[in-house]
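In case you want the letters, here they are:
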Amino acid sequence: MPRPPRLLDLIGALIGTPSVSSFERGLDRGNRAVIDRLATWLEDLGFAVEIQDLGTDPAKANLIATLGSGDDGLVLAGHTDTVPCDPALWRRDPFTLHEADGRLYGLGTADMKAFLALAIEAVRDIRDTDLKRPLVLLATADEESGMLGARRLVEAGRRLGRHCIVGEPTGLKPIRQHKGIFDERIRLVGRSGHSSDPALGNSALEGMHAAIGALLAWRDELQTRYRDPAFAVPVPTLNLGHIHGGDNPNRICGACELTLDLRPLPGMDTAALREELHERVLKAVAPRGLTVEFEAIFDGLPPMATPADAHVVRLAEQLAGHAAGAAAFGTEGTYYNALGCETVILGPGDIAQAHQPDEYLALDRLAPTVALLREAVRRLCC
């Protein structure tokens, strides 16, 4: 029977197979080539492999590889896509694995293709006859641009397992809760006119000034009302990310657009927050006679909170030697909890390396990750 390549070759093959996902169509690549590689390797190890079409693009799919039977085992989960990158900002080719200075450089080393290779290395010698409960390796699409792969699993109501480890970059320290996120575009439309007489137009830019004031006041209210000291930034955040309006200083601004990012704490409802945001903006600009348009740039990721006493959380704390913490960044863990998995986020990379030129994974993280995953499989599946 063929055997998958050894660990560094696995990582190199994944890094060398571009799978950028992006909201910008010109940058979006698809992940099917990565899925096909993983499917071949896992079939060679005796896993039953299912490729789940997302129904949107034939170049994108999820992979669900199962060893053993049942639905109460362990899921090792990771996404196969990366963010876009500008190769000119890298000192090395981002799509070629390069070893130097005790590090592995390449796009996806930390976030998070290398985790998938480490998971394969950890289960390489396990056979279905060794298992009392099933082991699932899950690889998803489009985490970096809308989490479509994980959302498709939820839409299908796909039961995966009882416990889940998601290998996002946490420095091998377990995370059991994280903030949510949604991104919104607000567009105000007024009437342009000559700047010499304000009565000749209706300034959308001035209307946006009122809207921003209302949003910042609302942010202050949210941060007074909600607080969780488990987070390094213990309050919900609202970031005004981009604004554009008008075209010339001697012309009244006829249209103005603002984009923003809101990150709620566990216990806050993203849908209710979006509705309240709309209400606040509409109230602020109502006296001005402007047209108001809202667009959900990203529908939203609810916050994640796995109970502190969940078995997988306690086990991850024991194996990692760290108490489970909280993170500001979002993950697919929210969706796996919704499917009935108790989920912990635990991976070898560092979030400071994610989405950065010259992304790397420290070599001394490899062996501890493999050992941790092997022991997790032994405790939860064997």
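Scoring rules and cut-offs
- Counting restarts for each chain: residues are numbered from 1 in the order of the written sequence.
- Where totals are concerned, whole chains, interfaces and linings use all residues; where local detail is concerned, this predicted model gives features only for residues with pLDDT of at least 70, and gives and counts side-chain atom pairs only at 80 or more.
- To obtain the side-chain values, all non-hydrogen atoms of the structure were used and water was disregarded.
- Starting at the N terminus, helices and strands are each numbered in turn, a helix being any DSSP run of H or I of at least four residues and a strand any DSSP run of E of at least two.
- Only C-alpha atoms enter the radius of gyration, while the globule expectation follows 2.2 Å times N to the 0.38, with N the number of residues.
- Exposed residues in this analysis have more than 50% of their type's maximum accessible area, buried residues have under 20%, and partly exposed residues fall in between, with area computed by a 1.4 Å probe over protein chains only.
- Throughout, a residue-residue contact means that at least one pair of heavy atoms, one from each residue, lies within 4.5 Å.
- His is not counted, nor are the chain ends, whereas Lys and Arg count as positive and Asp and Glu as negative.
- Charge positions come from single atoms, namely NZ of Lys, CZ of Arg, CG of Asp or CD of Glu.
- Strands were regarded as paired on the criterion that DSSP finds at least two bridges between them.
- Helix axes use the C-alpha atoms of the stretch in contact, all axes being lines fitted to C-alpha atoms, and the angles between their N-to-C directions lie in the range 0 to 180 degrees.
- The disulfide criterion used throughout: a pair of cysteine sulfur atoms within 2.5 Å.
- Think of a nonpolar core as a cluster: buried Ala, Val, Leu, Ile, Met, Phe, Trp, Tyr and Cys residues, connected wherever their side-chain atoms sit within 4.5 Å.
- When two rings of Phe, Tyr or Trp (its six-membered ring) have centres within 6.5 Å they constitute a pair, described as stacked for plane angles under 30 degrees, edge-to-face for angles over 60, and tilted for the intermediate range.
- Geometrically, a charge over a ring is one whose NZ (Lys) or CZ (Arg) sits within 6 Å of the ring centre while staying within 35 degrees of the ring normal.
- Salt bridges are defined by distance alone: a side-chain nitrogen of Lys or Arg within 4 Å of a carboxyl oxygen of Asp or Glu.
- Relative orientations are named as follows: roughly parallel for angles under 35 degrees, roughly antiparallel for angles over 145 degrees, roughly perpendicular for angles from 65 to 115 degrees, and oblique for any other angle.
- The handedness criterion is simple: a crossing whose near helix is rotated anticlockwise from the far helix by less than a right angle is left-handed, and one whose near helix is rotated clockwise is right-handed.
- We call Asp, Glu, Lys and Arg charged. Ala, Val, Leu, Ile, Met, Phe, Trp, Tyr, Cys and Pro are nonpolar, and the rest, Gly among them, are polar.
- Here a polar contact is taken to be a pair of N or O atoms separated by no more than 3.5 Å, where protein atoms must pair a possible hydrogen donor with a possible acceptor and residues adjacent in sequence count only if both atoms sit in side chains.

Asks: If you had to explain the overall build of the protein to someone new, which residues and values would you point to?
Replies: Looking only at helices and strands, the protein has nine helices and 16 strands in total. For the protein, whose C-alpha radius of gyration is 23 Å, the value lies close to the compact-globule estimate of 21 Å for 382 residues. When the backbone C-alpha atoms are referred to their principal axes, the protein occupies close to 80 × 45 × 40 Å. Within the protein, buried positions represent 52% of all 382 residues. Looking at the protein alone, contacts between residues at least 24 apart form 81% of all its contacts between residues at least 6 apart. When the 40 basic and 52 acidic side-chain charges of the protein are each reduced to a single mean position, those positions are 3 Å apart.

Asks: I'd like a description of the sheet that holds strand 10 (residues 237-245), backed by residues and values.
Replies: As a general point, the strands of a sheet are linked pairwise by backbone hydrogen bonds and lie either parallel or antiparallel. Pairing is antiparallel across the open sheet formed by four strands, whose spatial order is 10-11-9-12. Whereas interior strands pair on both sides, the edge strands pair on one side only; in this sheet they are strand 10 and strand 12 (291-301). The average angle at which neighbouring strand axes cross in this sheet is 15°, direction not considered. Against the sheet, helix 6 (residues 270-285) makes contact with strand 9 (181-189), strand 11 (255-263) and strand 12, and its axis sits at roughly 160° relative to strand 12, the strand it touches most.

Asks: Could you give an account of the side chain of Thr-170, with specific residues and numbers?
Replies: Mapping Thr-170 onto the fold places it in the loop between strand 7 (163-166) and strand 8 (175-178). Excluding its chain neighbours within four sequence positions, the residues that come into contact with Thr-170 are Ile-175, Phe-329, Ile-345, Leu-346, Gly-347 and Gly-349.

Asks: Describe the state of the cysteines, naming the residues involved and giving the relevant values.
Replies: As enumerated under the stated definition, the model contains zero disulfides in all. We note that Cys-253 lacks a disulfide partner, and the nearest cysteine sulfur, in Cys-256, lies 5.2 Å from it.

Asks: For the nonpolar core, give the residues involved together with the corresponding values.
Replies: Of all hydrophobic cores here, the largest spans 55 residues; its most connected members are Leu-38, Phe-47, Leu-74, Leu-76, Leu-135, Leu-137 and Ile-165. At the level of secondary structure, the elements contributing two or more residues to this core comprise helix 1 (7-15), helix 2 (32-44), strand 2 (61-67), strand 3 (74-79), helix 3 (113-123), strand 6 (135-140), helix 7 (311-320) and helix 9 (366-381). For this core, the element with the most residues is helix 3, which contributes nine residues. Beyond its immediate chain neighbours, meaning those up to four positions away, Leu-137 contacts Leu-42, Phe-47, Leu-63, Ile-64, Ala-65, Leu-76, Ala-119 and Ile-120. Counting 25 residues, the second largest nonpolar core, distinct from the first, contains Leu-222, Cys-253, Cys-256 and Val-285.

Asks: Give me the lowdown on the environment of Gly-267, citing residues and values where you can.
Replies: Position of Gly-267 relative to the elements: it lies in the loop between strand 11 and helix 6. Taking the relative accessible area as the measure of exposure, Gly-267 reaches 79% and is therefore exposed. Taking C-alpha positions, Gly-267 is 9.9 Å from Gly-180, a pair spaced 87 residues apart along the chain.

Asks: Can you tell me about the packing of aromatic side chains, naming the residues and giving the values?
Replies: All told, the structure shown has one aromatic pair when counted by the stated rule. Each ring, one from Tyr-105 and one from Tyr-360, has its centre 5.6 Å from the other, and the planes form 55°; the classification is tilted. A residue pair is termed long-range when its members are at least 10 positions apart, and Tyr-105 in strand 5 (residues 103-105) and Tyr-360 in strand 16 (residues 360-362) qualify at 255 residues. For Tyr-105, a relative accessible area of 3% translates into the label buried. Classification of Tyr-360 as buried rests on a relative accessible area of 18%. It is Arg-92 that lies over the ring of Tyr-105; its NZ or CZ is 4.1 Å from the centre. A cation over an aromatic ring shows up here: Arg-103 above the ring of Tyr-360, its NZ or CZ 3.9 Å from the ring centre.

Asks: Would you mind going over the pattern of salt bridges in detail, with residue names and values included?
Replies: In the structure shown here, the tally under the stated rule is 21 salt bridges. Of the charged contacts, one joins Arg-152 and Glu-155 as a salt bridge, the two residues approaching to 2.9 Å between their closest N and O atoms. Of the two residues, Arg-152 and Glu-155 both sit in helix 4 (residues 148-155), three residues apart, roughly one turn of that helix. In this structure Glu-155 comes out as exposed when scored by relative accessible area, which is 54%.

Asks: Can you lay out the packing of helix 5 (residues 204-225) against helix 6 for me, pointing to particular residues and giving the numbers?
Replies: At a minimum axis distance of 8 Å, the contact between helix 5 and helix 6 shows a crossing angle of 140°. Here helix 6 runs oblique to helix 5, going by the angle between their axes. In the packing of helix 5 onto helix 6, the handedness of the crossing is right-handed. Touching Gly-207, Ala-210, Ala-211, Ala-214, Leu-215, Trp-218, Glu-221, Leu-222 and Arg-225 of helix 5 are Leu-273, Glu-276, Leu-277, Arg-280, Val-281, Ala-284 and Val-285, all from helix 6. For the contact of helix 5 with helix 6, the residue count by class is eleven nonpolar, one polar and four charged.

Asks: Lay out the side chain of Lys-179 with the relevant residues and their values.
Replies: Tracing the backbone through its elements, the reader meets Lys-179 in the loop between strand 8 and strand 9. The buried charged residue Lys-179 lacks any salt bridge partner; its closest oppositely charged side chain belongs to Asp-261, at an N-O distance of 9.0 Å. At 2.9 Å, the side chain of Lys-179 forms a polar contact with the backbone oxygen of Val-233. Looking at Lys-179, its side chain comes within polar contact range of the main-chain oxygen of Val-235, at 2.7 Å. Not counting residues within four places of it along the chain, the set of residues in contact with Lys-179 comprises Phe-231, Val-233, Val-235, Thr-237, Arg-263, Pro-264, Leu-265, Pro-303, Ala-327, Ala-328, Phe-329 and Gly-330.

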